[in-house]
Amino acid sequence: MSDISIRKTGKTGRITFTRPKALNAMSYDMCIAIEDALDAWEKDDDVKMIVIDAEGDKAFCAGGDIAELYDTGKAGNFAFGQTFWSDEYRMNAKMFEFGKPVASFMQGFTMGGGVGVGCHGSHRVVGDTSQIAMPECGIGLVPDVGGSYILAHAPGRLGEYLGLTAARLNAADAILSGFADYYIPEANWPALIADLETTGDWTLIDEAAQDAPAGPLAAMQDDINANFGGEALGDIVNALQNDGSDFASGALKKLSRNSPLAMGCALEIIHRVRSSKDIRSALELEYRFTYRAMEHGDFLEGIRAQIIDKDRNPQWQHAFESLPAVAVSKMLMPLGDAKLTFEKGE
């Protein structure tokens, strides 16, 4: 497949995104190819670890390839998206649960679907160009691909802040919030990857790690904790409106761009997942939302405004100051027989 290179090199299983002109956006076929590789390498004694990287300077993987999702959804074919998401989430779970070390090297943008591949491994490496984010609420989705699990276990209320505002994380901020483990200058990556291929010795990553240059997030932690601890979206909006600080006005501006329904559901998912140590519980909740996102959510309108017409003027279903609790409940109700099973072919 021209969009992704999957092979065994030395003592490693290697996955490389190879569509840099598309910011290595992940298609359905790429997702299935990654899952097939995980299935094969789990039982392959010649593969001591997996190394994942990407071609190009701008992005590791800037998200999912959503053009086909939009086209099928507009035509009333919701089954394509439901299959895409269920199969992708199954792959995300396998990546998180993989029984051998998985190292990812994430330059540039790592967003959405890229997080589901790069941020669920055991050795997650970032550098000076790295920018990690979960921007789904801006297109009417919730942070998914298991991203809600990372957000739910971030320190304090960082997860709520990052999920609702779609703020971008540099290397230090990604490590602080749990999306990455190691900072290594990007100039050192090729030689390190070559050594990993030769030796299969993942401890070389620990030896190569350095202290990351400081990021802005740590200094914002107190403001974030003070304003993003509310039970519902309206509580957070009220706290920010009554705060009066530059931080609060900046956060409100970010929230005002995003789907209130998606933000309210993202907040609820993060709260529910916080007590869980199982990524499958997060993925199952995410799927309840994405299963309904085209027919009942703001997803198609969000894609229209951001990607298709590019007018940046989405007409969301709800105002962010007055999102009904029942709207959140409806999007996150159990799916019955349609629930996510994590089994191939179901």
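In this text the structure is predicted, and so the values were computed from the model without any measurement.

Another point: the pairing of strand 7 (residues 123-126). Side-chain alternation along strand 7 places His123 and Val125 on one buried face and Arg124 and Val126 on a second face that is also buried. Looking at chain direction, strand 5 (residues 102-106) and strand 7 are connected through four bridges and run parallel. Looking across to strand 7, one finds that serine 104 is bridged to arginine 124. For strand 7 and strand 9 (residues 182-183), the ladder comprises two bridges, and the chain directions are parallel. Residue valine 125 lies in a different strand from strand 9, and its bridge partner there is tyrosine 182.

Moving on, we get to the sheet that holds strand 3 (residues 49-54). Taken together, the six strands give an open sheet; going across it, the order is 1-2-3-5-7-9, and neighbouring strands pair in mixed fashion. At either end of the open sheet lies a strand with only one pairing partner, and these are strand 1 (4-9) and strand 9. Where helix 1 (residues 28-42) meets the sheet, it contacts strand 1, strand 2 (12-17) and strand 3, and its direction lies at approximately 15° from that of strand 1. Strands strand 1, strand 2, strand 3, strand 5 and strand 7 of the sheet are contacted by helix 8 (residues 189-199), whose axis makes an angle of about 165° with strand 5.

This paragraph deals with the packing of helix 1 against helix 3 (residues 78-97). In the contact formed by helix 1 and helix 3, the axes pass within 9 Å of each other and the chain directions differ by 35°. When the axes of helix 1 and helix 3 are compared, the crossing they make is left-handed. In this structure, helix 1 uses Tyr28, Cys31, Ile32, Ile34, Glu35, Leu38 and Asp39 to contact helix 3, whose residues at the interface are Thr83, Phe84, Asp87, Glu88, Arg90, Met91, Lys94 and Met95. For the contact of helix 1 with helix 3, the per-class residue count stands at eight nonpolar, one polar and six charged.

The geometry of an aromatic ring pair is captured by two quantities: the separation of the ring centres and the angle between the planes. Under the defined criterion, the tally for this structure stands at 11 aromatic pairs. Between phenylalanine 96 and tyrosine 149, the aromatic rings sit 5.3 Å apart at their centres with planes inclined by 75°, giving edge-to-face as the arrangement. Within this pair, whereas phenylalanine 96 is found in helix 3, its partner tyrosine 149 is found in helix 5 (residues 147-152), the two being separated by 53 residues in sequence. Assessed through its relative accessible area of 30%, phenylalanine 96 is described here as partly exposed. What links up through ring pairs into an aromatic cluster is the set Tyr28, Phe80 and Phe84.

Phi is positive for asparagine 24, close to 55°, though the residue is something other than glycine. Relative to the helices and strands, asparagine 24 resides in the loop between strand 2 and helix 1. For phenylalanine 342, which is not glycine, the phi torsion reads 65° and is therefore positive.

Thresholds applied
Throughout this document, residue positions are counted from 1 along each chain, in the order its sequence is written. Local features in this predicted model are restricted to residues of pLDDT 70 or higher, and side-chain atom pairs are both shown and tallied only at a pLDDT of 80 or more, whereas totals for entire chains, interfaces and linings draw on every residue. Each side-chain value is worked out from all heavy atoms of the structure, with water and hydrogens disregarded. In this scheme, a residue with accessible area under 20% of its type's maximum is buried, one over 50% is exposed, and one in between is partly exposed, where area comes from a 1.4 Å probe on protein chains only. Helix and strand assignments follow DSSP, with helices taken as H or I runs no shorter than four residues and strands as E runs no shorter than two, numbered in order from the N terminus. Think of it this way: DSSP has to see at least two bridges between two strands before they count as a pair. Note on contacts: a residue pair qualifies if any of its non-hydrogen atoms lie within 4.5 Å across the two residues. Between N-to-C directions, angles cover 0 to 180 degrees, with each direction set by a line fitted to C-alpha atoms, over the stretch in contact for helices. Here is the rule for handedness: rotate from the far helix to the near one, and if that takes an anticlockwise turn smaller than a right angle the crossing is left-handed, while a clockwise turn gives right-handed. Gly counts as polar in this scheme, as do all residues outside two lists: the nonpolar Ala, Val, Leu, Ile, Met, Phe, Trp, Tyr, Cys and Pro, and the charged Asp, Glu, Lys and Arg. A pair of Phe, Tyr and Trp rings is counted when the ring centres sit within 6.5 Å of each other, with Trp represented by its six-membered ring. The angle between the planes then sorts it: under 30 degrees is stacked, over 60 is edge-to-face, the rest tilted.

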